[in-house]
Amino acid sequence: MNSLRSLKVFYNKSYDKRPILTLCVANGILGAVSDTLAQSISLYNKYNKQLEDKYLPESVRKHESMWTLTKTWDFQRTFRFAAYNFCVAPLGGKWYMFLDKFFPMPVATGVVSKAVQSQITKKANEMAIKRMVTDQALFAPAGLVLFFSVMGIAETGKWEGVKEKFKDAYVPALIANYKVWPAVQFINFKFMPLQYRLPFVSSLGIIWNAYLSWLNNASKQEESVLELLEKEDTGLEVVQSA
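Residues numbered from 1 in each chain as written. Predicted model: local features only at pLDDT ≥ 70, side-chain atom pairs only at ≥ 80, totals over all residues. Heavy atoms only, no water.

Enquirer: Give a detailed account of the overall build of the protein chain, specifying residues and quantitative values.
Expert: Counting secondary structure elements, the protein chain contains seven helices and zero strands. Order of helices (α) and strands (β) in the protein chain, N terminus to C terminus: α-α-α-α-α-α-α. Among the 242 residues that make up the protein chain, the fraction classed as buried is 40%. Considering only residue pairs separated by 6 or more positions, the protein chain has 80% of its internal contacts joining residues 24 or more positions apart. When the accessible surface of the protein chain is summed, it comes to about 14,400 Å², and 66% of that surface belongs to carbon and sulfur atoms. (Helix = DSSP H or I, 4+ residues; strand = E, 2+ residues; numbered from the N terminus. Buried < 20%, exposed > 50% of the residue type's maximum accessible area, 1.4 Å probe, protein only. Contact = heavy atoms within 4.5 Å. Areas by Shrake-Rupley, 256 points an atom, 1.4 Å probe, with all protein chains shown as cover.)

Right, here's the structure in full:
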């Protein structure tokens, strides 16, 4: 308990002095934890012959039997995921500041009656819902666009890789997002102070980010197989024409 209290004090002091850097470091660490979880589950299931990939969308695992999954830790993948979370933290922090500005929470001054307190609570719920709806309508889909674009370029170095990720993984990820995040963000916007919102989302989002890492890696494997099959088909056509 004392450790958590000390961590809270340290985080608050750091946020007061360097808010953006503090968000970046915290988000980067949580991103590394997410990918660590995703790779740990994949390696565990691989060695124990469990079919965890059955939870992936069908479009991503059409050629699952042809995937060349490594049996060792992919440190570059963990670094990419941590670096991505580090770099997008300022964007997330600014977004929460924007929502705070345009949908301010009511503040009670002094002692108020039950009727006034009821009105304040109603208004607070209304503002939290507006923040959540705006976040899920704008930031959630845009955030996934950014994620799959950056990962596609980082992994393949070409736009074809980005197109394949959008074709296979974007819609399933967006649907999964809407099953989880509206309720989480309502709690976040209503109860969390501004400096804790991004860490709160990232902490609860460890499972979510692990899923994104898992889905992104599966999409990468599928892209590699499709590229290999395309080369084989091209080679076969050349032989047949000759």
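Enquirer: So, a nonpolar patch on the surface: which residues are in play, and what are the values?
Expert: Together, L21, V25, I29, V33 and F86 line one region of the surface with nonpolar side chains, adding up to about 400 Å² of accessible area. The element that contributes the greatest number of residues to the nonpolar patch is helix α2 (residues 19–47), accounting for four residues. Looking at where L21 falls in the secondary structure, it is placed in helix α2. Residue L21 is classed as partly exposed on the basis of its relative accessible area of 44%. (Patch = residues over 30% accessible without salt bridge, like charges linked within 9 Å, V, L, I, M, F, W, Y side chains within 5 Å. Salt bridge = Lys/Arg side-chain N within 4 Å of Asp/Glu carboxyl O.)

Enquirer: For the environment of N85, give the residues involved together with the corresponding values.
Expert: Structurally, N85 is set in helix α3 (residues 75–102). Expressed as a C-alpha distance, the spacing of N85 and A26, which sit 59 residues apart in the sequence, is 9.0 Å. The residues contacting N85, other than those within four sequence positions of it, are N27, G28, G31 and N209.

Enquirer: For the nonpolar core, give the residues involved together with the corresponding values.
Expert: Counting 36 residues, the largest nonpolar core has Y96, L144, F147, F148, W208 and L212 as the members making the most contacts within it. For this core, the secondary structure elements donating two or more residues are α1 (2–17), α2, α3, α4 (114–156), α5 (159–191), α6 (194–204) and α7 (206–241). Ignoring sequence-local partners within four residues, the contact set of W208 consists of L144, A173, A176, N177 and W181. (Core = buried A, V, L, I, M, F, W, Y, C linked by side-chain atoms within 4.5 Å.)

Enquirer: Can you tell me about the side chain of R80, naming the residues and giving the values?
Expert: Within the secondary structure layout, R80 lies in helix α3. Not counting residues up to four positions away in its chain, the partners in contact with R80 are M151, A154, E155 and K220.

Enquirer: Account for the pattern of salt bridges, with residues named and values stated.
Expert: If you walk through the whole model with that rule in mind, you get five salt bridges. R131 is the partner of D100 in a salt bridge, and the nearest nitrogen-oxygen pair spans 3.1 Å. Here the residue D100 occupies a position in helix α3, and R131 occupies one in helix α4, the gap between them amounting to 31 residues. Relative accessible area serves as the criterion here: at 23%, D100 is assigned to the partly exposed category. Of the charged contacts, one joins R197 and D100 as a salt bridge, the two residues approaching to 2.4 Å between their closest N and O atoms. Placement of R197 in helix α6 and of D100 in helix α3 is noted, with a sequence separation of 97 residues between them. R197 sits in the buried class, given a relative accessible area of 5%. Several salt bridges share partner residues, and in doing so they unite D100, R131 and R197 into one network.

Enquirer: Mind laying out the side chain of D35, listing which residues take part and the relevant values?
Expert: Take D35: it is sitting in helix α2. Among residues more than four places away in sequence, those in contact with D35 are W73, R77, T78, F81 and S213.

Enquirer: Please provide a residue-by-residue account of the packing of α3 against α6, values included.
Expert: Relative to each other, α3 and α6 sit at 130°, their axes nearing to 10 Å. The angle between the axes of α3 and α6 places the two elements in the oblique class. For the element pair α3 and α6, the recorded crossing hand is right-handed. Judged by residue contacts, A89, G93, Y96, M97 and D100 of α3 engage L194, R197, L198 and V201 from α6. Among the residues forming the contact of α3 with α6, the class breakdown is six nonpolar, one polar and two charged. (Axes fitted to C-alpha atoms, helices over the stretch in contact; angles between N-to-C directions. Parallel < 35°, antiparallel > 145°, perpendicular 65-115°, else oblique. Left-handed = near helix turned anticlockwise from the far one by under 90°. Nonpolar A, V, L, I, M, F, W, Y, C, P; charged D, E, K, R; others polar.)

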